[in-house]
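Letter by letter, the chains look like this.
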Amino acid sequence: IVFIFPNVQPVLKNRIMNLLCGWFRINLIKMETSMVYRIGIVDDQLDELLLIQRYIADDPSLKIVFCTSDPVQALSLMEHQEVDILILDMNMQPLNGVQLLEALKVIPQVIVCSNHPEYVYETSPYQSAFIRKTIGRAAFNETIDRVKGLIDVTEDVVELNDRILDIKTSKS
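What counts as what
- Residues numbered from 1 in each chain as written.
- Predicted model: local features only at pLDDT ≥ 70, side-chain atom pairs only at ≥ 80, totals over all residues.
- Heavy atoms only, no water.
- Helix = DSSP H or I, 4+ residues; strand = E, 2+ residues; numbered from the N terminus.
- Buried < 20%, exposed > 50% of the residue type's maximum accessible area, 1.4 Å probe, protein only.
- Contact = heavy atoms within 4.5 Å.
- Areas by Shrake-Rupley, 256 points an atom, 1.4 Å probe, with all protein chains shown as cover.
- Expected span 1.5 Å × (residues − 1).
- Arc of directions from axis to C-beta.
- Pairing = 2+ DSSP bridges.
- Axes fitted to C-alpha atoms, helices over the stretch in contact; angles between N-to-C directions.
- Salt bridge = Lys/Arg side-chain N within 4 Å of Asp/Glu carboxyl O.

> An account of the overall build of the protein is requested, with residue identities and associated values reported.
Scanning the protein from N- to C-terminus turns up 6 helices and 5 strands. Its helices and strands in sequence order give the protein the pattern α-β-α-β-α-β-α-β-α-β-α, from N to C terminus. Counting only residues that meet the buried cut, the protein has 34% of its 172 residues in that class. Nonlocal contacts in the protein, meaning residues at least 24 apart in sequence, comprise 57% of its contacts between residues at least 6 apart. Carbon and sulfur atoms make up 57% of the accessible area of the protein, which totals about 11,100 Å².

> Lay out helix 2 (residues 46-57) with the relevant residues and their values.
Under the 1.5 Å per step criterion, the end-to-end length of helix 2 is 16 Å for 12 residues, consistent within 8% with the ideal 16 Å. The complete set of buried residues in helix 2 reads Glu48, Leu49, Leu51, Ile52, Tyr55 and Ile56. The buried side chains of helix 2 occupy one side of the element, clustering within an arc of 165 degrees when seen end-on. Turned more than 90 degrees off the buried face of helix 2, the exposed positions are Leu46, Asp47 and Ala57.

> Break down the sheet that holds strand 2 (residues 62-68) for me, citing the residues and quoting the values.
Pairing in this open sheet of 5 strands is parallel, and the strands run 2-1-3-4-5 from one edge to the other. In this open sheet, the two edge strands, each paired with only one partner strand, are strand 2 and strand 5 (127-131). Neighbour-to-neighbour, the strand axes of the sheet open up by a mean angle of 20 degrees, direction not taken into account. Of the pairings in the sheet, the one linking strand 4 (residues 109-113) to strand 5 comprises 4 bridges and is parallel in character. Among the inter-strand pairings, Val112 is bridged to a residue of strand 5, identified as Phe130. Seen against the sheet, helix 2 touches strand 1 (37-42), strand 2, strand 3 (85-88) and strand 4 and runs at an angle of roughly 170 degrees to strand 2. Here helix 3 (residues 71-80) sits on the sheet and contacts strand 1, strand 2 and strand 3; the angle it forms with strand 2, its principal contact strand, is near 135 degrees.

> How would you summarise unusual backbone geometry if you had to cite specific residues and measurements?
Backbone torsion omega between Gln93 and Pro94 reads 0 degrees, so that peptide bond is classified as cis. Inspection of the secondary structure puts Pro94 in the loop between strand 3 and helix 4 (97-103). Unlike most non-glycine residues, Thr134 shows phi in positive territory, near 55 degrees.

> Hey, could you go over the pattern of salt bridges for me, with residue numbers and the actual values?
One pass over the full model with this rule turns up 7 salt bridges. With its nearest N and O atoms 3.3 Å apart, the salt bridge here joins Arg38 to Glu82. Of this pair, Arg38 sits in strand 1 while Glu82 sits in the loop between helix 3 and strand 3, and the two are 44 residues apart along the sequence. Judged by its relative accessible area of 26%, Arg38 is partly exposed. On the basis of relative accessible area, Glu82 is assigned to the exposed category, the value being 57%. The closest approach of N and O atoms between Asp84 and Arg38, which form a salt bridge, is 2.8 Å. In this pair, Asp84 sits in the loop between helix 3 and strand 3 while Arg38 sits in strand 1, placing the two residues 46 residues apart along the sequence. Taken together, the shared-partner salt bridges connect Arg38, Glu82 and Asp84 into one network.

Put into structure tokens, the structure is as follows:
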């Protein structure tokens, strides 16, 4: 970034530069730390879809990438759109939630949303969290925050591994 200040005294020019650089630095830090988590929602019950959408709308760090009641459509959407968190019902047709997860090439963090506790064990290799349908706002927010934390830790580990590889390759 280049700043040009014609006809400005050097002392004033330095103050303006310091203010602008400080402002840019603060805003760059804010941009780096304010990640937006992309959400996909799959549930064949409209009232549940609407409830989850309302909860997500209140959190500026969450962005709904897709919301569908059709698991086959969700599978197609996930092939073309990157999702950080998938909120997934289990009891759907023609694919249930487990079948959808097994068909995915890339599995994001998964929040299983179901009133059927028998899916807890079956989905354990995939899930980050299990919530019951018609969950309250506070419990939903707590679950989302926990899953966002898992994503942040995973990204930190990947970044650290990349730095270690860079160091190793630069020494070779």
